[in-house]
Amino acid sequence: MVMEEKAKKLLILYASETGNAIDAAERLGREGERRGCPVSLLSIDDFDPSSLPEQEIVIFVVSTTGQGDNPDSIKVFWKFLLQRSLTQNWLSRVNYAVFGLGDSSYQKYNFVAKKLDKRLSDLGATAVVERGLGDDQHPSGYEGALDPWLSTLWKALYQRDPKLFPKGPELMTSNKSLMDQPKVQITYHDVAEGTLSIPDVKLLEMQIESTRFILPGKLSGKYRPDCFLKMVKNEPLSKAGCRKDVRHFEFEAVSSTVEYEVGDVVHILPGQDAAAVDAFIKRCNLDPESYIRVQPKDKENDQSYDLRNALKVPVRLKTFVELAMDVASASPRRYFFEVMSYFASAEHEKERLQYFASPEGRDDLYEYNQKERRTVLEVLEDFPSVQMPFEWLVQLVPPLKTRAFSISSSHSAHPNQVHLTVSVVSWTTPYNRKRTGLCSSWLAVLDPQKRVLIPAWFQKGSLPSPSPSLPLILVGPGTGCAPFRGFVEERALQSRSGSTAPILFFFGCRNEENDFLYRDFWLFHSQKGGVLSEEKGGGFFAAFSRDQQQKVYVQHKMREQSFKIWNLLTEGAAVYVAGSANKMPSDVLLAFEEIVSKEGGVPKEAAVRWLRALEKAGKYHVEAWS
């Protein structure tokens, strides 16, 4: 009796922070299956790393976060791979490929993919193709690199073993009979079973848990908010009529006490425009008053599912859309257009959607979709013949994501309060569409007199809370000053009961008149023996870039104070940098290199090594955002 050869499986492991790596991994899976290859798709934290040597082909899709950081889901896996006991031929039977998602405006671009690729190779694994590096800065986003990389990957895998793809390496299809099935199933209920006697806050908590457990992303494992906040103060920090609208918000905890340290981050789930939600529901022919349960179709791999299901309640369809589906802010993914093409009844719409979903139409799709930041609602209105089932909409409409903000208060100074410093985002697209940031514009118009419940999750930021005895050099232009307001508040409180180390703070903005954020606060603490005062060995230095002909930035002020900076560094100071990720962090690092070289009397290369050692010692921290 001849034993049948077991079909080879493609294992795809992803590590995602915001959901992009999940999208890319799912696309890999779909394309593999359409070529006739069985696929296993897992988040890397659901995979046992000790079984890696048993795998024949593994594709890794990994994102890099912040300043070269690992996503949470890969941390245990990565720690396992770094064990010294693993030999150079531990993975000698494994073939692998790595695709990274990153942003080239950050210094450590795609750092996680690069170090994973090197480590797998060092352990004896064989790369099927050169690693692919997706870049958020590319005109088509990460897909600009993913398209050609996938084409190369499928050909390389087919050459290695034609049995892997019975349907050939090139096969792609738009045939409806081969269309994927939605991954969620929806059960409809007549009434809200058992929810009528539940108090408002508790009911909202249960509804959020019921709507968010199927969504990907950083906080996907933490469905229930840490607390609900209510706004108690909403005041402008920038001058009316100037280019920027920056606001100071204060919140109090409603449901439970707030706990955080300075340098932490709060994630807020924003509200959506009611008219846009209603328009979406109407366009999709949905009944807003029906009650639904949404659950994943594939529950076999989810051991904790029953526990979560026991906690869940039916939710009004309109509430589900409001809490889980970003219908009027985020742009849909490419796969959305492919699935739409199956449900288009007008031939010209079907052809256009198929073109958009193809590699040839990628750049035109970018012009139409991402560049204009077209919303799901706008796209659906542009293709009126498309009627997608609600299961597909739930799966493919971008999830309503929480927005992360650096906390700009000290919990010790404001028990049970959270303060935020927020720039209200707005811009105009190439075709003159006015766009606004969903969360910042929603917060900007919230009335503190109205008790709006705001779901909030707290998380450690990349700026650790310093001890009172640690000297600090803070660099925070614009809203980058936010976490440092908390640092200064906390140290001012600590200085009342004991001695504290000095703080040098470098702030920057455009105009002293228009956007000198928290001016009175900084000046108060830099006078009369305050924690930013020269008497205490510290100092406050502000750069106003547009108040003179020659632009002056924080790095110019740093060079002016190079002696003070060097003195504090030699006393063991820690450096904290926060603000825009564009050029600022690298310009600031360059200024530090020049200061160390000049004041320390060493060559530039030695200064670079010195600062790298400072970073390795956990004394050079950067929190930057795009």
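All residue numbers refer to positions counted from 1 along the written sequence of the respective chain. Where local features are concerned, this predicted model is filtered to residues with pLDDT of at least 70; where side-chain atom pairs are given and counted, the filter is 80 or more; whole-chain, interface and lining totals use all residues. Side-chain numbers here rest on the full set of heavy atoms in the structure, without hydrogens or water.

### Details of the overall build of the protein
Strands here mean DSSP runs of E at least two residues long; helices mean DSSP runs of H or I at least four residues long; both are numbered from the N terminus. Along its length, the protein carries 20 helices and 22 strands. Here the protein has a C-alpha radius of gyration of 26 Å; the compact-globule value for 626 residues is 25 Å, and the two agree. Each principal axis of the C-alpha atoms in the protein carries an extent, and together these give about 85 × 60 × 50 Å. Each residue's exposure class comes from its accessible area (1.4 Å probe, protein chains only) as a fraction of the maximum for that residue type: buried when under 20%, exposed when over 50%, partly exposed otherwise. Taking all 626 residues of the protein together, the buried fraction comes to 56%. In the protein, 79% of the contacts between residues at least 6 apart in sequence involve partners at least 24 apart. This count recognises Lys and Arg as positive and Asp and Glu as negative, with His and chain-terminal groups excluded. Each charge is placed at NZ for Lys, CZ for Arg, CG for Asp and CD for Glu. Between the centroid of the 78 positive side chains of the protein and the centroid of its 80 negative side chains there is a distance of 3 Å. C-alpha atoms define the radius of gyration in this analysis, and the globule rule sets the expected value at 2.2 Å times the number of residues to the power 0.38. Residue contacts are counted whenever heavy atoms from the two residues lie within 4.5 Å of one another.

### Here we look at the pairing of strand β21 (residues 574-580)
A large share of β21 lies buried, amounting to 6 of its 7 residues. One bridge is not enough; two strands pair if DSSP finds at least two bridges between them. Note that β21 and strand β22 (residues 620-625) share 6 bridges and pair parallel. Opposite Tyr-576, over in β22, you have His-621 as the bridge partner.

### Thoughts on the UniProt feature "domain: Flavodoxin-like" (unreviewed entry) in the protein
UniProt positions are given in the numbering used here, feature names are shortened, and annotations may be inferred rather than shown by experiment. Per the UniProt annotation, the sites labelled "domain: Flavodoxin-like" (unreviewed entry) are residues 10-154. Taken end to end, residues 10-154 has its terminal C-alpha atoms 11 Å apart, with 32% of it in helix and 22% in strand.

### What to know about unusual backbone geometry
In terms of backbone geometry, most residues other than glycine have negative phi values and most peptide bonds are trans. Unlike most non-glycine residues, Asn-110 shows phi in positive territory, near 50 degrees. As for its placement among the helices and strands, Asn-110 is situated in the loop between β4 (95-102) and α3 (111-122). The phi dihedral of Tyr-518 falls on the positive side, at around 55 degrees, and the residue is not glycine. Note on placement: Tyr-518 falls in the loop between β19 (503-509) and α16 (519-525). Assessed through its relative accessible area of 9%, Tyr-518 is described here as buried.

### Digging into the sheet that holds strand β12 (residues 315-316)
Backbone-to-backbone hydrogen bonds pair the strands of a sheet. The strands run either parallel or antiparallel. The 3 strands lie next to each other as β7-β11-β12, forming an open sheet whose pairing is antiparallel. The strands lining the two open edges of the sheet, one partner per strand, are β7 (184-189) and β12. When β7 meets strand β11 (residues 291-296), the two strands line up antiparallel, connected through 6 bridges. What sits directly across from Tyr-188, in β11, is Ile-292.

### Some remarks on the state of the cysteines
Two cysteines whose sulfur atoms are joined by a covalent bond form what is called a disulfide. Only a pair of cysteine sulfur atoms within 2.5 Å qualifies as a disulfide here. Throughout the structure, instances matching the rule amount to 0 disulfides. Unpaired in this structure, Cys-242 has its nearest cysteine sulfur neighbour in Cys-509, at a distance of 9.6 Å. Residue Cys-242 is classed as buried on the basis of its relative accessible area of 18%.

### A few points about the side chain of Gln-272
Mapped onto the secondary structure, Gln-272 falls in the loop between β10 (265-268) and α6 (274-283). Identification of polar contacts relies on pairs of N or O atoms within 3.5 Å, with a donor-acceptor requirement for protein atoms, meaning one able to donate a hydrogen and the other able to accept it, and with residues adjacent in sequence counted only if both atoms are side-chain atoms. Looking at Gln-272, its side chain comes within polar contact range of the main-chain oxygen of Val-321, at 3.1 Å. Within polar-contact distance, the side chain of Gln-272 engages the backbone oxygen of Met-325 at 2.7 Å. For Gln-272, the contacting residues outside a window of four places in its chain are Val-277, Val-321, Glu-322, Met-325, Asp-326, Val-327, Ala-328 and Leu-400.

### Structural notes on the sheet that holds strand β13 (residues 403-406)
What the 6 strands build is an open sheet, ordered β13-β10-β17-β8-β9-β14; its pairing is antiparallel. For this open sheet the edge positions go to β13 and β14 (417-423), each flanked by a neighbour on one side alone. Strand-to-strand twist of the sheet, defined as the mean angle between neighbouring strand axes without regard to direction, takes the value 40 degrees. Here β10 runs beside β13; their pairing, made up of 4 bridges, is antiparallel. From the neighbouring strand, His-267 faces β13, where its bridge partner is Ala-404. Convention adopted: a line fitted to C-alpha atoms gives each axis, helices being fitted over their contacting stretch, and angles between N-to-C directions are expressed from 0 to 180 degrees.

### Here's the deal with the environment of Trp-90
Inspection of the secondary structure puts Trp-90 in the loop between α2 (75-81) and β4. Each C-alpha atom, one on Trp-90 and one on Ala-125, is 7.9 Å from the other, the two residues being 35 residues apart in sequence. Apart from the residues within four sequence positions on either side, Trp-90 is in contact with Pro-49, Ser-50, Leu-52, Pro-53, Phe-80, Leu-81 and Leu-123.

### Quick notes on the pattern of salt bridges
Within this document, salt bridges are pairs made up of a side-chain nitrogen of Lys or Arg and a carboxyl oxygen of Asp or Glu, the two lying within 4 Å of each other. Per the stated rule, a full pass over the model turns up 36 salt bridges. In this structure, Arg-27 and Glu-31 form a salt bridge, with 3.0 Å as the shortest nitrogen-oxygen distance. Remark: Glu-31 and Arg-27 occur in helix α1 (residues 20-34); sequence separation between them is 4 residues, near one turn of the helix. Summarising the burial analysis for this pair, Arg-27 and Glu-31 share the class buried. The partner of Asp-363 in a salt bridge is Arg-362, with the nearest N and O atoms 3.5 Å apart. Relative accessible area serves as the criterion here: at 44%, Asp-363 is assigned to the partly exposed category. Owing to a relative accessible area of 15%, Arg-362 belongs among the buried residues under this scheme. Each of Arg-27, Glu-31, Arg-35, Glu-143, Asp-147, Arg-334, Arg-362 and Asp-363 takes part in a single network of salt bridges with overlapping partners.

### Brief notes about the environment of Gly-19
Mapped onto the elements, Gly-19 comes out in the loop between β1 (10-15) and α1. For the pair Gly-19 and Asn-95, spaced 76 residues apart in sequence, the C-alpha to C-alpha distance is 26 Å.

### So, the domain arrangement of the protein
Where a domain begins and ends is set by an automatic assignment or by a domain database. In terms of domains, the protein is made up of domain 1 (8-173), domain 2 (198-267 + 401-460), domain 3 (270-399) and domain 4 (470-622). Using only C-alpha atoms to locate each centre, domain 1 and domain 3 end up separated by 27 Å. Across the contact, 14 residues belong to domain 1 and 10 residues belong to domain 3. Note on domain 1 versus domain 3: buried area summed over both sides is about 980 Å², and carbon and sulfur give 33% of it. Our count for the domain 1 to domain 3 interface comes out at 5 salt bridges. Arg-334 is paired through a salt bridge with Glu-143; the nearest N and O atoms lie 3.5 Å apart. The biggest single contributor to the side of domain 1 that touches domain 3 is α1, with 5 residues. Gly is placed with the polar residues, together with every amino acid not listed as nonpolar (Ala, Val, Leu, Ile, Met, Phe, Trp, Tyr, Cys and Pro) or charged (Asp, Glu, Lys and Arg). Here the residues of the side of domain 1 that touches domain 3 are counted per class, giving 2 nonpolar, 6 polar and 6 charged. Here the quantity called buried area is the accessible surface, traced with a 1.4 Å probe, that two parts lose on coming together, added over both.

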